[in-house]
Amino acid sequence: MTQSFPQDHKNQDLVSIARDAGKPYESVNLPIWRASSVLFTNVADMRAEVAATAAGERRAANYATAGTPTTFALADAVAELEAGPHPARTALLPSGLSAIATVLQAFLSPGDHLLMGDSVYGPARLFAQGMLARFGIETTFYDPAIGAGIGDLLRPNTRMIYLESPGSYTFEIPDVPAICSLARERGILTAIDNAWASPVLARPFDWGVDISVLPLTKYWSGHADVLMGAAVVREALWPQLHQAVRQQGLCVGSDDAWLILRGMRTLKVRMQAHESNGLVLARWLEKRPEVARVLHPALPSHPQHARWKRDFSGASGLFSFELHAASADQLSALCDHRRHFRLGFSWGGFESLIMPANLTGLRTAGPWQGGPLVRIHAGLDDPEALISDLEDGFAAMAAAKS
Ligand SMILES: *Cc1c(COP(=O)(O)O)cnc(C)c1O
């Protein structure tokens, strides 16, 4: 016997049912608005929203690629925390690297000259040497501990100075306020990667920068489970950034934005724990005979410690240490013998990480002269447990082939 399905059953309206939220419902957190189409009440409303979206007005969206209430909430929070009280706007991008690439594309044109710190995030350097070079933009890499001396590197076509403080892996601190005041006099844009400190510890717009990029993947998320970036610009620069983002169809999902909002609530308390755990490890490492130097800006031994004290209100959990000497096998043994640390790229989550730093191809202004480097991210683990890991690692290193 064949079964027949009722064709005209009144409850088969799959399209219209279950779309009414009912009475207003308030919860502690915003809901996640998942959307592609955005609906309008009438044609006049539709036309007004299209014009507002094209103009980049705050929270305007004729289509969800321009944003949803969830992504708008995050973008506004990032602008306020990173730049406030300076008027600023934020674009959310799929990753931190995408935020860097978008900023460089938005503000540089063929024939322009870019100055970039020698210890910027490696993939930012590769973007400048690859895509930007292909499009006729020349990059000069400068000493990442530079100050007003950067004036000597300026050319008539220098359009942007790109900074990172402290630098990746080697943690140099440039004199950002001095560089920004010089750039402003000459009409040159300044952009900074504020990954290490987050706005809890550094206020780049107070230093005078025009643009900052944040890998929200790192401390903002805090849980190693979501990828996102943000580009924050002074209000006057927004139209140009907005067009670059919009013309490339760059956007983020509301689920991911919601996860960053959730992580952000505990950013401040997590940063305090990362700082104190990191300093326990850094001070312990400084006393080890195997260690030539600890590269941590909060240690008085750091060459730009005075700048760190002036510019930052604290330290995060990321730093490196240099070994006197170690074979490849010894370096691997040090990083492989661990119970609490994990081995991996990225950082800024609750977990502690250790890895050998490989600077091959990543320094051109001044090649790395020191010994083997190890990078640590002090997570929220008990620092005594992390120290016992490092003790085991050093023992394994001594036993390995030199
Ligand atoms: C990780 C990192 C980025 C890139 O962020 P992703 O979201 O992983 O693309 C940018 N800058 C610095 C300094 C970083 O450490």
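These numbers come from a predicted model, not from an experiment. (Residues numbered from 1 in each chain as written. Predicted model: local features only at pLDDT ≥ 70, side-chain atom pairs only at ≥ 80, totals over all residues. Heavy atoms only, no water.)

A separate point is the sheet that holds strand 10 (residues 353–357). Across the sheet, which stays open at both edges, the four strands sit in the order 8-9-11-10 with antiparallel pairing between neighbours. Each edge of the open sheet carries a strand with a single partner, namely strand 8 (291–295) and strand 10. Ignoring which end each strand starts from, the neighbouring axes of this sheet average 20° apart. In this structure, strand 8 lies alongside strand 9 (residues 318–323), joined through four bridges in antiparallel fashion. In the sheet register, V291 faces strand 9, and the bridge partner there is L323. Together, strand 9, strand 10 and strand 11 (373–377) form the strand contacts of helix 12 (residues 328–336), whose direction differs from that of strand 10 by roughly 170°. (Pairing = 2+ DSSP bridges. Helix = DSSP H or I, 4+ residues; strand = E, 2+ residues; numbered from the N terminus. Axes fitted to C-alpha atoms, helices over the stretch in contact; angles between N-to-C directions. Contact = heavy atoms within 4.5 Å.)

Let us now look at the sheet that holds strand 1 (residues 88–93). Across the sheet, which stays open at both edges, the seven strands sit in the order 1-7-6-5-4-2-3 with mixed pairing between neighbours. Two strands bound the open sheet, and with one partner strand each, they are strand 1 and strand 3 (138–142). On average, adjacent strands in this sheet sit at an angle of 20° to one another, irrespective of strand direction. Pairing geometry for strand 5 (residues 189–193) and strand 6 (residues 211–215), over three bridges, is parallel. Counted as the bridge partner of A191 is I211 from strand 6. In this fold helix 4 (residues 122–134) packs onto strand 2 (113–117), strand 3 and strand 4 (158–164), with an angle of close to 160° to the strand it touches most, strand 2.

Moving on, we come to the packing of aromatic side chains. A complete count under the given rule lists five aromatic pairs for this structure. Aromatic side chains W196 and F312 sit 5.6 Å apart centroid to centroid with 90° between the ring planes, which places their arrangement in the edge-to-face category. With W196 in the loop between strand 5 and helix 6 (198–201) and F312 in the loop between helix 11 (305–311) and strand 9, this pair connects stretches of sequence that are 116 residues apart. An identical accessibility class is assigned to W196 and F312; each is buried. (Phe/Tyr/Trp six-rings, centres within 6.5 Å; stacked < 30°, edge-to-face > 60°. Buried < 20%, exposed > 50% of the residue type's maximum accessible area, 1.4 Å probe, protein only.)

Our focus in this paragraph is the packing of helix 3 (residues 96–107) against helix 8 (residues 238–247). In contact at an axis separation of 9 Å, helix 3 and helix 8 are set at 115° when each is read in the N-to-C sense. Handedness of the crossing formed by helix 3 with helix 8: right-handed. The segment helix 3 lies against helix 8, with T102, V103, A106 and F107 engaging Q240, L241, A244 and V245. Residues that form the contact of helix 3 with helix 8 fall into these classes: six nonpolar, two polar and no charged. (Left-handed = near helix turned anticlockwise from the far one by under 90°. Nonpolar A, V, L, I, M, F, W, Y, C, P; charged D, E, K, R; others polar.)

Along its sequence, the chain is carved into domain 1 (43–264) and domain 2 (267–401). If you average the C-alpha positions of domain 1 and of domain 2, the two centres end up 27 Å apart. Taken together, the contact between domain 1 and domain 2 spans 39 residues of the former and 42 residues of the latter. Taking both sides of the interface into account, the surface hidden between domain 1 and domain 2 amounts to around 3400 Å²; carbon and sulfur atoms contribute 61%. The largest contributions to the domain 1 side of the interface with domain 2 come from Y169, W196 and Y219, which together make up 27% of the buried area. Across the domain 1-domain 2 interface, the total number found is one salt bridge. A salt bridge links D175 to R310; its shortest N-O distance comes to 2.8 Å. Across the contact surface, domain 1 and domain 2 share 26 residue pairs in polar contact (both at pLDDT 80 or more). Of all elements in the fold, only helix 4, strand 3, helix 6 and helix 9 (254–264) reach the threshold of two or more residues within the side of domain 1 that touches domain 2. (Domains from an automatic or database assignment. Buried area = accessible area lost by both parts, 1.4 Å probe. Salt bridge = Lys/Arg side-chain N within 4 Å of Asp/Glu carboxyl O. Polar contact = N/O pair within 3.5 Å; in protein donor to acceptor, adjacent residues only side chain to side chain.)

This next bit is on the site of the ligand. The local shell around the ligand holds 14 residues, among which G96, L97, D193, T217 and K218 are the closest. Backbone polar atom of G96 to an oxygen atom of the ligand: 2.7 Å apart, as the coordinates give it. In this structure, W347 approaches the ligand through a side-chain N or O atom, which is 3.3 Å from an oxygen atom. In terms of residues, the shell around the ligand owes the most to one element, helix 3, which gives three residues. Classifying every residue of the shell around the ligand by side-chain character gives seven nonpolar, four polar and three charged. (Near = heavy atom within 4 Å.)

Take the nonpolar core next. If you look at the biggest cluster of nonpolar residues, it comprises 84 residues, and the most contacted ones within it are I161, L216, L285 and F321. Examining the composition of this core, we find that seven residues originate from one element, helix 10 (residues 267–286), more than from any other. Both domains that meet at this core, namely domain 1 (43–264) and domain 2 (267–401), each give it at least three residues. Residues in contact with L216, not counting those within four places in the same chain, are L74, V78, L92, S221, M228, G229, A230 and I260. (Core = buried A, V, L, I, M, F, W, Y, C linked by side-chain atoms within 4.5 Å.)

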